[in-house]
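# Structure at a glance
Spelled out from the first residue to the last, the chains are:
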Amino acid sequence: MKKTYLIHDIVWIGFAFLVCLGGLKLGFGSFKQPQAGFMPFLSGLLLGLLALADLISGVAGRWKHEKTDREIWPSIHRGKLFFTLALLFIYTLLFNTLGFIIATIPLLFFLYRLMEPRPWWVALIASVVTTGLFYLGFKVGLDSQLPPGILGF
Amino acid sequence: MELLNYLYLGFSVALQPINLFYCFLGVLIGTLVGVLPGLGPVAAMSLLLPATFHTSPVASIIMLSGIYYGAMYGGSTTSILVNIPGEAASVMTCLDGYQMARQGRAGPALGISAFGSFFAGTIGIVGMLLISIPLVNFALKFGPPEYFSLMVLGLMVLTFLTSASMLRALMMASFGLIVGTIGLDNISGLARFTFNIPELLDGVGLVPVVMGLFGISEVMLNIELKIKREVFTTEIKGLLPTLDDWRRSIGPLLRGTVLGFFLGILPGGGAVIASFVSYAVEKRVSERPEEFGKGAIEGVAAPEAANNSAAQGAFIPLLTLGIPSNVVMAMLLGALIIHGVTPGPLLLAQHPDLFWGVVASMYVGNAMLLVLNLPLIGMWVQLLRVPYSILFPLIILFCLIGAYSINNSSTDVLIMLVFGIIGYLMKKLSLEAAPMVLAFVLGPMMETALRQSLIKSKGSFSIFFTRPISATCLIIAIALMVLPLLPWLRRPGAALEHKEVA
């Protein structure tokens, strides 16, 4: 029995249960007059039943050919992955306040140094140039709305 | 005669300088993302969708379509030279294309791939011209039950063909349906699963979802695995295939084109399935099946022709019925809706310039691709040498700007990151994102059609089985659902036979 797949199915069943409850709360209506909760309830029910079927097939030993937990979660570079995600969430939270240019330069600086050990000044120059090019391309060229932030542009 | 008039209209639109420019831009970007592993046409289209807001709907769709069929061309280059498919539809080209390259025949492999793609793309466009008008007339007879059943069939075909586990593919489709219900209810106007977040009232955007599932998740996987790419160092010469190559390839090209085109039209089908099926067919009909996998030119010609004609065929259900047959078409559906154009049977009457302009632009785009892919092959090979450590921050930045600039909303960026994590976990568990995205796009349309049908029939599900088109679609869908169960049902018997033999 593979733990990851077991957790996966249990999570889906729990999620489906919550969706069904949400659907009922919105109002199922009837087959003659389906209401707003009709589709969420049916989709949630379908998801729950399918996840349950997957779980039963796993218990019955049909996950033999699936990847092992170790194959799914190789422990290489996981720190880099979490660091990138944390960077992206912080960037998203500060993006509007700081503005595109101020927020993007440090983001790119860390990302450029993440995979390969580059001298800090190379990463810094690359980050400034890339941010400038993206700003020119999107803001000036395509007139995209990017947050001006504290710089005001 | 009528067809020639439409064709004239199409070319007069496609050959306008601005549309030519966007067509060129589309096929150039398409080739680029096809060449670069890790960034497929779906991610590229979602990245560039916000950039098309300032253009006309025709120019926008011409460019996005160019990215799609351009990626089919570009994908073959990496398959042949690096043994890494630039995008999923080029997987089969790796088998024989890379072997040809190892035998010093990279040139003819690239050549037949480009010429075959052009040939198939051209025939695919002729097919579009011939099939679209009859299909539009047929689609005008469709009511809510037919639309619902057709969408169910599309989802079933996709889940049946694209995943090792149909059960899990269906789970992903159900998840897509649930995500599709977020926002205001189309009929009652009630807010669903919005958690008092105003940005969710319009529902979850397609672009943040797709960018997260295909762009961010891919980056996350690559950071974890740290991929290494080795370009096969061979001199690429003699791109023109020999007479013998042509003689061996003409049959596979024709079969691949026809097969690919019809598999492309099929709801849930598309370029990936077309290339797999055409390769299998060629191996079966070949007089030298033992050469497949060892550098047979037929193994390059057939899948390349099939994936390109399928790319053209896939436009038919979208433009005539308003139903996307795969994720790429779902992206185009989103683009059309953003530009205020509703695809479907009335598109041909209401926006003939868009319909025929896009069709004609594909022909122009195919010619551009031939020029881009053969003389400039050296440049594309150089691009393969760009280290991933430089590429991935740029992909991330494209995603961040793309998701933000649609509604100028940080919520969309957060949604993209959340779906990036979901996509990463899905890839880890070998769960398919395609059924999820297609169900997410089709979900609101399916819900409306289902509820309208049930209201019309006073709650009776027989409405879906008493109307011939709807019944046919549902019967096929049910058959597809039952098919995978058959070996499972037979398994105890098989085990018994095995035991008896032992």
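Counting restarts for each chain, with residues numbered from 1 along the sequence as it is written. Naming scheme: in the order in which they are written, chains are lettered from A and ligands are numbered from 1. Note on the predicted model: pLDDT of at least 70 is required for a residue's local features to be given, and 80 or more for side-chain atom pairs to be given and counted; whole-chain, interface and lining totals, by contrast, use all residues.

## A short note on the overall build of chain B
Convention followed: A run of DSSP states H or I qualifies as a helix once it reaches four residues; a run of E qualifies as a strand once it reaches two. Both are numbered from the N-terminal end. Computation of the radius of gyration draws on C-alpha atoms alone. For the globule rule, the value is 2.2 Å times the number of residues to the power 0.38. Here a residue counts as buried when 20 or more other C-beta atoms fall within 10 Å of its C-beta, as exposed when 12 or fewer do, and as partly exposed in between; the C-beta atoms come from the backbone. Contact between two residues is assigned whenever their backbone-derived C-beta positions fall within 7 Å.
The helix and strand tally for chain B stands at 23 helices and two strands. Expected size for 502 residues packed as a compact globule is a radius of gyration near 23 Å; at 23 Å, chain B falls within 12% of this value. Projected onto its principal axes, the C-alpha coordinates of chain B cover approximately 70 × 65 × 55 Å. Looking at chain B as a whole, 60% of its 502 residues qualify as buried. Contacts in chain B between residues far apart in sequence, at least 24 positions, make up 79% of those at least 6 positions apart.

## With respect to the interface of chain B and chain A
This is how it is decided: For this scheme, ten residues count as nonpolar: Ala, Val, Leu, Ile, Met, Phe, Trp, Tyr, Cys and Pro. Four count as charged, namely Asp, Glu, Lys and Arg, and the remainder, Gly too, count as polar.
The partner chain A presents 49 residues to the 42 residues of chain B that form the contact. Examining the composition of the side of chain B that touches chain A, we find that eight residues originate from one element, helix H8 (residues 166-180) of chain B, more than from any other. A class-by-class count of the residues in the side of chain B that touches chain A yields 23 nonpolar, ten polar and nine charged.

## Looking at the domain arrangement of chain A
For clarity, the threshold we go by: Domain extents, as shown, originate in an automatic or database domain assignment.
Along its sequence, chain A is organised into domain 1 (3-72) and domain 2 (78-151). Spacing between the C-alpha centres of domain 1 of chain A and domain 2 of chain A amounts to 38 Å.

## Quick look at the packing of helix H5 (residues 91-102) of chain B against helix H12 (residues 298-313) of chain B
Residue and element names in this part refer to chain B. Our working rule: Fitted lines through C-alpha atoms serve as axes, helices being fitted only where they are in contact, and the angles separating the N-to-C directions of these axes extend from 0 to 180 degrees. In a left-handed crossing the near helix is turned counterclockwise from the far helix by less than a right angle, and in a right-handed crossing that turn is clockwise.
Contact geometry of H5 with H12 gives a least axis separation of 8 Å together with a crossing angle of 145°. Seen along the crossing, H5 lies across H12 with a hand that is left-handed. Here Met92, Thr93, Leu95, Asp96, Gly97 and Met100 of H5 lie close against H12, whose contacting residues are Gly299, Val300, Pro303 and Glu304. A class-by-class count of the residues in the contact of H5 with H12 yields five nonpolar, three polar and two charged.

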